[in-house]
Amino acid sequence: MELTAEQRSLSRKYISYQVLTHMWFVGAVWLYFYRIFITDYQVGILDGMAFAIGLIAEVPSGALADKFGRDKVVKLGQILAGTGLLIQAFGSGLVPFFVGQSIMMIGVAFASGADEALFFDKLKFKRDSLDWRRLVTRGSQYALIGTLVATIVGGWLHTVNPRIPWMLSGISFISAAILIWSVTDNRIITARKSISAEFGDYVQNIKIGFSQFRLPKLWMYVPIIITVQGLFYAAGWGLLRLVLLDRFQFDPFLGSLAIASSGLITVGILALIHKYAENMSEKRVIILIALAAAASLLLSVANIGMWGYFVILALYAGEHVLHPFMSEVLNNRSPDDQRATVLSIASFLRILPYVFLAPLIGYLNTQGALEYFLIGWAILILIAVLIYMSLKKQDTHIKLTDNLMKLEEKSDIDLSGMNTSA
């Protein structure tokens, strides 16, 4: 289907927004920066506490976006995220790092889910088309190119001054808010009520959002979100990737090259997914990525040295390949007036494991016993795959039954019409 001029303009803005929010100049060096001032165990505690604060903000932020305007919440979120990064850039201890990280995580929570809901509604793609999946895939490609450049530059700038990568990351997030300043929520926001009525509606919206994940249409994805996307979150946002690089004996610069090259390869993989989108089965992709993630964790148990690069690549590529499929599922299966809430709850489920895993990973790594986590989480992923396959089979059967019933009803109506005419 040919896109309108407005859809093309918004698509370009979406892609540019994705690039700016993925310019993680600190991506390969943030742990080494923290290590100048605090221990790995303190890093684990810091991450666990800060991410817990972000987690608490995750679901309410989606409900706020649905209630008061997704555009306002997204812009505020990106400004907060950038400010939190800048606070850490000038920090020199646990307290400023905690304050900055907490503000950053609240900002990320505000933007998470609400940004996709904002663009999804503004673009008005047909639900039965693959336009949204293609756009998210294309956005991920360009975002990864931005990440690739930022990771290499950040790795080099860390050797010049460890604070510069943090400053540039903060500026990039604030720039993302400025870029989408003209993008407004096209939904009609209801008139303000009394404080008690507003709070009651707000709480009710959150309850309904959680109830969506108890329905068969979304419940089947919960185990995958928690275990597989939770693992990718621990690697992409948390300390797991850098802990693994350290385990595989990569220094800061080689680690930045490993992450950057993984991004480059992932861009190529996403190009293939974009090209052959019609031939990609959601079920096969999810199962394949989940099994690859579990295998990567088990492989990490062995002393494989720099062959561990392929573990880093599998986790990196898996995260970005899975995202367009999960985004398509969640956006299409969410009620229009609660899309940001549902997406925020999905982010909540994705982040939740890391709140507990961050101090655990930090502690186990300090004790030289990381393999307990690697084996245990791989087993949980395998269990999640079995649950997903079972529920997906039931869902497919229900859909086939519904379609057959609709065909039978249509045939009865057609025959009735013919008899009436006769």
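This text goes with the structure placed above it.
To keep things clear, this report deals only with the structure shown in the data block. Note that the coordinates shown come from a computational prediction; the quantities given were computed from them, not determined experimentally.

1. Topic: empty space enclosed by the protein
- Tallied over the full model, the rule gives 2 cavities of 30 Å³ or more.
- The space that makes up the second largest cavity amounts to roughly 60 Å³.
- In terms of lining residues, the second largest cavity is bounded by Phe 120, Phe 125, Lys 126, Arg 127, Ser 129, Leu 130, Asp 131, Trp 132, Arg 133, Glu 328 and Asn 332.
- Elements represented by at least two residues in the lining of the second largest cavity include exactly α7 (131-160) and α15 (309-332).
- Ranked by residues supplied to the lining of the second largest cavity, first place goes to α7 with 3 residues.
- Per-class residue counts for the lining of the second largest cavity are 4 nonpolar, 2 polar and 5 charged.

2. Observations regarding helix α13 (residues 252-275)
- Helix length check: α13 (24 residues) gives 35 Å between terminal C-alpha atoms against 34 Å at 1.5 Å per residue, within 8%.
- Regarding α13, the residues found buried are Gly 255, Ser 256, Ala 258, Ile 259, Ala 260, Ser 262, Gly 263, Thr 266, Val 267, Leu 270, Ile 273 and His 274.
- Residues of α13 that are buried in the fold lie against α7, α12 (240-247) and α15.

3. Considerations on the nonpolar core
- Membership of the largest hydrophobic core comes to 119 residues, with the highest contact counts inside it found for Phe 213, Phe 373 and Ile 381.
- Among all residues touching Phe 213, those that are not within four sequence positions of it are Leu 218, Trp 219, Val 222, Ile 225, Leu 330, Val 342, Ile 345, Ala 346 and Leu 349.

4. Section: the side chain of Lys 392
- Mapped onto the secondary structure, Lys 392 falls in helix α17 (residues 371-421).
- A residue is classified by how much of its surface remains accessible, and Lys 392, at 10% relative accessible area, is buried.
- Engagement of the side chain of Lys 392 in a polar contact is seen with the side chain of Glu 282, the distance being 3.2 Å.
- Apart from the residues within four sequence positions on either side, Lys 392 is in contact with Met 220, Tyr 221, Glu 282, Lys 283 and Arg 333.

Conventions we followed
- For every chain, the first residue of its written sequence is number 1, and the numbers climb from 1 along that sequence.
- Selection of residues for local features in this predicted model requires a pLDDT of at least 70, selection of side-chain atom pairs for listing and counting requires 80 or more, and totals for whole chains, interfaces and linings are taken over all residues.
- Only hydrogens and water are removed before side-chain values are computed, so all heavy atoms of the structure are retained for them.
- Each cavity reported here is a set of points on a 1 Å grid over the protein atoms alone in which a 1.4 Å probe fits but cannot get out, each pocket an open set with protein on both sides within 12 Å along at least five of seven lines, and each lining residue one with an atom within 4 Å of a point.
- Grid points are joined across faces, edges and corners, and a volume is the space filled by probe spheres set on the points.
- Secondary structure follows DSSP: runs of H or I at least 4 residues long count as helices, runs of E at least 2 residues long count as strands, and numbering of each begins at the N terminus.
- Charged residues are taken to be Asp, Glu, Lys and Arg, nonpolar residues to be Ala, Val, Leu, Ile, Met, Phe, Trp, Tyr, Cys and Pro, and polar residues to be all remaining types, Gly included.
- Expected span of a helix, by definition, is 1.5 Å for each gap between consecutive residues, and there is one gap fewer than residues.
- Think of it in three bands: with a 1.4 Å probe and only protein chains considered, a residue is buried below 20% of the maximum accessible area for its type, exposed above 50%, and partly exposed in between.
- In this description, contact between two residues means that some pair of their heavy atoms is separated by no more than 4.5 Å.
- Here the nonpolar core consists of buried residues drawn from Ala, Val, Leu, Ile, Met, Phe, Trp, Tyr and Cys, with membership extended through side-chain atoms lying within 4.5 Å.
- Any N or O atom pair separated by 3.5 Å or less is treated as a polar contact, with the protein-specific requirement of one donor-capable and one acceptor-capable atom, and with residues adjacent in sequence counted only for side-chain atom pairs.

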